Amino acid sequence: MSRIVLFHSAYGLRPAVHAAAERLRADGHEVTVPDLYDGRGTESIEEGMEIKDEIGADELIRRAVRVAAGLGPGLVYAGFSLGASIAQNAAFADSSAAGLLMFHGTSDLREDAATEVPVQLHVAEPDPFETEDWLGTWYLGMRRAGADVEIHRYHGAGHLFTDPDLPDYDREAASRAWAIASDFLSEIDSAAAAAAAND
C-alpha cells in the first residue's frame, strides 16, 4: 500500500480528482487530496489559470509542501496537469519521497535538482502544453537529477484526457493510463517491502 498525496489541476478540486482518489483507494492505497485553491474551482481553464496566478505558483507549492509534511515520510506524490507540476516540486523538496506519478503536466527543474525516486509521466501526444522539445529537455533533466523516468504517450488524446467531465476525455487512453499507473504503484510498494525486509 502506497501513501499518496494527489494534487488537482488548474480547474481546482473537480469531481474527477475525487474519483481518481477513490480508484486508488480501491487498489488499497491511502490517498490525501488537498484543496490548494481553498474551495474555489471553475469550469474554464482561463479562470483556473487566473486563480493560480492570483494565489501564485510559489504559494501553491508552499501549501503542497505543508500538507505533505503533515503526512509523514515515504509519500508518493501525484497530480494532474498543474497538480503534476506541483507534485514534482514537492517531491524534490522531500528527501523521503517514494515516487512521483504525473498526469498531463511537468515542471521546470533547477540545475542542482537531485532525486532518486521513480517517476512516471502520462501525457497526450501531441500536447500543446507539453511539446516534444520540452519533454525531451525535461526527460534529460530528470535523468541528470538521478530520477528513474518513464514517459507514456497517448496519441490523439486531449490534454486532460483522464477527466470524464471535460472535452479532452479519452476513455481508452484513460483506462490504459490508470492500468500502467497501478503497476507503477505496485512496483513502488514491492520495493518498499523489500527495503523494509532488509533493514
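Located above this text is the structure these notes cover.
Quick notes on the rules
Residues numbered from 1 in each chain as written. Predicted model: local features only at pLDDT ≥ 70, side-chain atom pairs only at ≥ 80, totals over all residues. Heavy atoms only, no water. Buried < 20%, exposed > 50% of the residue type's maximum accessible area, 1.4 Å probe, protein only. Helix = DSSP H or I, 4+ residues; strand = E, 2+ residues; numbered from the N terminus. Arc of directions from axis to C-beta. Contact = heavy atoms within 4.5 Å. Core = buried A, V, L, I, M, F, W, Y, C linked by side-chain atoms within 4.5 Å. Phe/Tyr/Trp six-rings, centres within 6.5 Å; stacked < 30°, edge-to-face > 60°. Lys NZ or Arg CZ within 6 Å of the ring centre and 35° of its normal.

Chemist: What is the right way to read helix H2 (residues 45–55) from this model?
Modeler: Quick reminder: α-helices carry 3.6 residues per turn. Residues three or four places apart thus point the same way. Within H2, burial applies to Gly48, Ile51, Lys52 and Ile55. One face of H2 carries all of its buried residues, which in axial projection span an arc of 100°. Across H2 from its buried face, at more than 90 degrees, point the exposed residues Glu46, Glu50, Asp53 and Glu54. Each element contacted by the buried residues of H2 is listed here: helix H3 (57–69) and helix H4 (82–92). One or two positions beyond H2, positive phi appears at Gly56, with a value near 100°.

Chemist: I'm lost on the nonpolar core in this one. Help?
Modeler: Nonpolar side chains tend to gather and get buried jointly when the protein is soluble and globular. If you look at the biggest cluster of nonpolar residues, it comprises 30 residues, and the most contacted ones within it are Phe7, Tyr77, Leu100 and Val119. Mapped by element, the contributors of at least two residues to this core are strand E1 (3–7), H2, H3, strand E3 (75–80), H4, strand E4 (99–103), strand E5 (118–125) and helix H5 (132–145). Here the element with the most residues in this core is H4; it accounts for six residues. Setting aside residues up to four positions removed in sequence, Phe7 forms contacts with Pro34, Leu36, Ala64, Tyr77, Ala78, Gly79, Phe80, Gly83, Ile86 and Ala87. If you look at the next biggest cluster of nonpolar residues, it comprises 27 residues, including Ala21, Ala157, Ala173 and Phe184.

Chemist: Would you mind showing me how to read the packing of aromatic side chains here?
Modeler: The geometry of an aromatic ring pair is captured by the separation of the ring centres together with the interplanar angle, meaning the angle of the planes. Applying the stated criterion across every chain, the model contains four aromatic pairs. On the numbers, 6.4 Å between centres and 65° between planes, the contact of Phe80 with Trp178 is edge-to-face. Of this pair, Phe80 sits in strand E3 while Trp178 sits in helix H6 (residues 171–198), and the two are 98 residues apart along the sequence. With respect to burial, Phe80 and Trp178 carry one shared label: buried. Judged by centre distance (4.9 Å) and plane angle (45°), the ring pair of Tyr154 and Phe161 falls under tilted. Comparing Tyr154 with Phe161, the two get one shared label, buried. Looking at Arg14, its charged tip hangs above the ring of Tyr11, at a distance of 5.3 Å from the centre.

Chemist: Even after reading the chapter, I still don't get H4, so can you show me in this structure?
Modeler: Here H4 lies mainly inside the structure; nine of its 11 residues are buried. Here H4 has its buried residues at Leu82, Gly83, Ala84, Ser85, Ile86, Ala87, Gln88, Ala90 and Ala91. Close packing links the buried residues of H4 with E1, H2, H3, E3, E4 and H5.

Chemist: How do you make sense of unusual backbone geometry when you look at a structure like this?
Modeler: Most peptide bonds adopt trans geometry, and most residues besides glycine take a negative phi value. Omega for the bond connecting Glu125 with Pro126 falls within 30 degrees of zero, at -5°, which places this linkage in the cis form. Its location among the elements puts Pro126 in the loop between E5 and H5. Positive phi outside glycine occurs at Asp38, with the angle close to 55°. Tracing the chain through its elements places Asp38 in the loop between strand E2 (30–32) and H2. With relative accessibility at 58%, the residue Asp38 sits in the exposed group. Its identity as a non-glycine residue notwithstanding, Ser81 has a phi of 55°, on the positive side. Looking at the element boundaries, Ser81 is found in the loop between E3 and H4. Relative accessible area serves as the criterion here: at 16%, Ser81 is assigned to the buried category.

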